[in-house]
Amino acid sequence: MEPGYIKANAQVIAASVIYGFAGIFFLYIKNMAEGPVVFCQLLFGFLVLAAYLATAGKFSGSSRIQLRGKRKAMLLLGAWQAGVMLSYYTAVNFTNVSMSVLLLYTAPLYVLLIAPILLKEKISTKNLVALTLSLIGVVVVVGPVNLVSGTTGSGYLYGVLMGLFSGFFYACIIMTSRYLRDEYSGLEQLFLSTGVTLVILLPFMLQISSAVLLENLPVLLFLGVMITSLGSILYFTGLEHVKAQNASVISLLEPVSAIFFAYLILNDPVSRATLFGCILILASSLLMGLESESKT
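The model shown is predicted, which means the values in this text are computed figures rather than measured ones.

A look at the packing of helix 3 (residues 34-55) against helix 11 (residues 210-239)
- Between helix 3 and helix 11, the least distance of the axes is 7 Å, while the angle of their chain directions is 50 degrees. The angle between the axes of helix 3 and helix 11 places the two elements in the oblique class. Crossing geometry of helix 3 relative to helix 11 is assigned as right-handed. From helix 3, Val37, Cys40, Gln41, Leu42, Phe44, Gly45, Val48, Leu49 and Tyr52 reach across to helix 11, where they touch Leu213, Leu217, Leu220, Leu221, Leu223, Gly224, Val225, Ile227, Thr228, Ser229, Ile233 and Thr237.
- Here the residues of the contact of helix 3 with helix 11 sort into 15 nonpolar, six polar and no charged.

Here's the deal with helix 7 (residues 125-142)
- Between its terminal C-alpha atoms helix 7 stretches 26 Å, which fits the 26 Å expected from 18 residues at 1.5 Å a residue.
- Within the sequence span of helix 7, burial applies to Asn127, Ala130, Leu131, Ser134, Gly137, Val138, Val141 and Val142. Considered in projection along helix 7, the buried side chains sweep an arc of 135 degrees and stay on one side of the axis.

Quick word on the confidence of the model for the protein chain
- Mean pLDDT over the protein chain stands at 83; residues scoring 70 or higher make up 86%.
- In the model of the protein chain, helix 8 (residues 144-149) stands out as the element of lowest mean pLDDT, 54, in contrast to helix 4 (residues 71-94), which has the highest, 94.

Observations regarding unusual backbone geometry
- Its identity as a non-glycine residue notwithstanding, Asn31 has a phi of 60 degrees, on the positive side.
- As for its position among the elements, Asn31 is in the loop between helix 2 (22-26) and helix 3.
- A positive phi is found at Asn267, a non-glycine position, where the angle reads about 60 degrees.
- Along the chain, the position of Asn267 falls in the loop between helix 13 (253-266) and helix 14 (272-295).

Points about the environment of Gly159
- By the element assignment, Gly159 lies in helix 9 (residues 154-180).
- Judged by relative accessible area, which is 0%, Gly159 ranks as buried.
- Between the C-alpha atom of Gly159 and that of Val92, which follows or precedes it by 67 residues, the distance is 7.2 Å.
- Each residue touching Gly159, except ones within four places of it in the same chain, is listed here: Ala91, Phe94 and Thr95.

Structural notes on the environment of Pro108
- Within the fold, Pro108 resides in helix 6 (residues 107-118).
- Sequence separation between Pro108 and Ile281 is 173 residues; the distance between their C-alpha atoms is 9.4 Å.

So, the nonpolar core
- Judged by nonpolar contacts, the single largest core of 72 residues is most densely connected at Met32, Val37, Tyr89 and Phe191.
- Leaving out residues up to four positions away in the same chain, Val37 has contacts with Phe26, Ile29, Met32, Tyr89, Leu220 and Leu223.
- Listed in part, the six residues of the second largest apolar core include Tyr110, Val111, Ile114 and Met175.

Cut-offs used in this document
Residues numbered from 1 in each chain as written. Predicted model: local features only at pLDDT ≥ 70, side-chain atom pairs only at ≥ 80, totals over all residues. Heavy atoms only, no water. Axes fitted to C-alpha atoms, helices over the stretch in contact; angles between N-to-C directions. Helix = DSSP H or I, 4+ residues; strand = E, 2+ residues; numbered from the N terminus. Parallel < 35°, antiparallel > 145°, perpendicular 65-115°, else oblique. Left-handed = near helix turned anticlockwise from the far one by under 90°. Contact = heavy atoms within 4.5 Å. Nonpolar A, V, L, I, M, F, W, Y, C, P; charged D, E, K, R; others polar. Expected span 1.5 Å × (residues − 1). Buried < 20%, exposed > 50% of the residue type's maximum accessible area, 1.4 Å probe, protein only. Arc of directions from axis to C-beta. pLDDT = per-residue confidence, 0-100. Core = buried A, V, L, I, M, F, W, Y, C linked by side-chain atoms within 4.5 Å.

Set out below in C-alpha cells:
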C-alpha cells in the first residue's frame, strides 16, 4: 500500500473525528443563540480557509477559484449549509448530541425519497432495505413513547423536528454538491458556499456583543479553525486520493465519535435504544453510500 494512500485515508479519518466534536463544543458556548454562533464559526473558518487557499495559489492563474457555471446551485448550497448548521445546533440544544448527530445522518433517507422525483431514479431492493432500516432507527432513537406521553416536554419535540430538518438540509447539500462536482472541486464548493452562507447570516452579526464574543472566543475559534477549516481541508484533500466507497465508510466515524466523546466529555447517557438506533441508521447510510458511489 502506497504511503500517499495511507496518508489520505488518515486525513479523512481525522476529519471525520474532528467533525464529531462540533455539537459537543457548541454546548460550551454561553449566552449566544445558534445564529450568531454559526456566523462566527463560519467567519473564522472562512478566513483561515482563504489564507490556506491563497498560500496554495488558488486565487491566481487559470485554475483560480471563481464563480463559473451553475451559480444558482452554488447559492442554494450556501442556503442549505445555513439550514443544516442552524437546525443541527438547535437540535443539540433541545435534545442531546447523540440524538442530534443520528438525526443528521438520516440524510440518505431523504436522498432516497427525493431522488426518484428529481433524478427519475428507480428504488432498488437495497434502497428499500436502507429506507426501512433508517425509519426503524429514527423511531428507536427518538422514542415515540416520550413524544406521545409528553414526559420530555415540548422542547424535546422541537429538538427532534430540528434534528430531522438538519438531515433534510444535509440531503439537499449532498444532491446539490453532486450536481456541482463537474464544475467545482470540493474545496471550491466549500469556500464559495461558505461565503454565500455568511451573507445570508449577516443579520445575526447585529446580535453579537463584544463582551459575549470575547467570553466565547476560544470555543468559537475552535469551531471555526478546527472544524470548518482544518477538518474540511483534511477531508477534501484526502478525498482526492481515497476511493469513494472507502470515504463513505470512514465518514460514519463522525456520528460514532460524536456519541463516544459526548459520553466521555458531557456524560451524555447512551442507552441500548440509542445504540440500536445508531446501528440501524448508520447501516442504512452505509448501504446508500456504497450504492450511490457504485452507480457513479
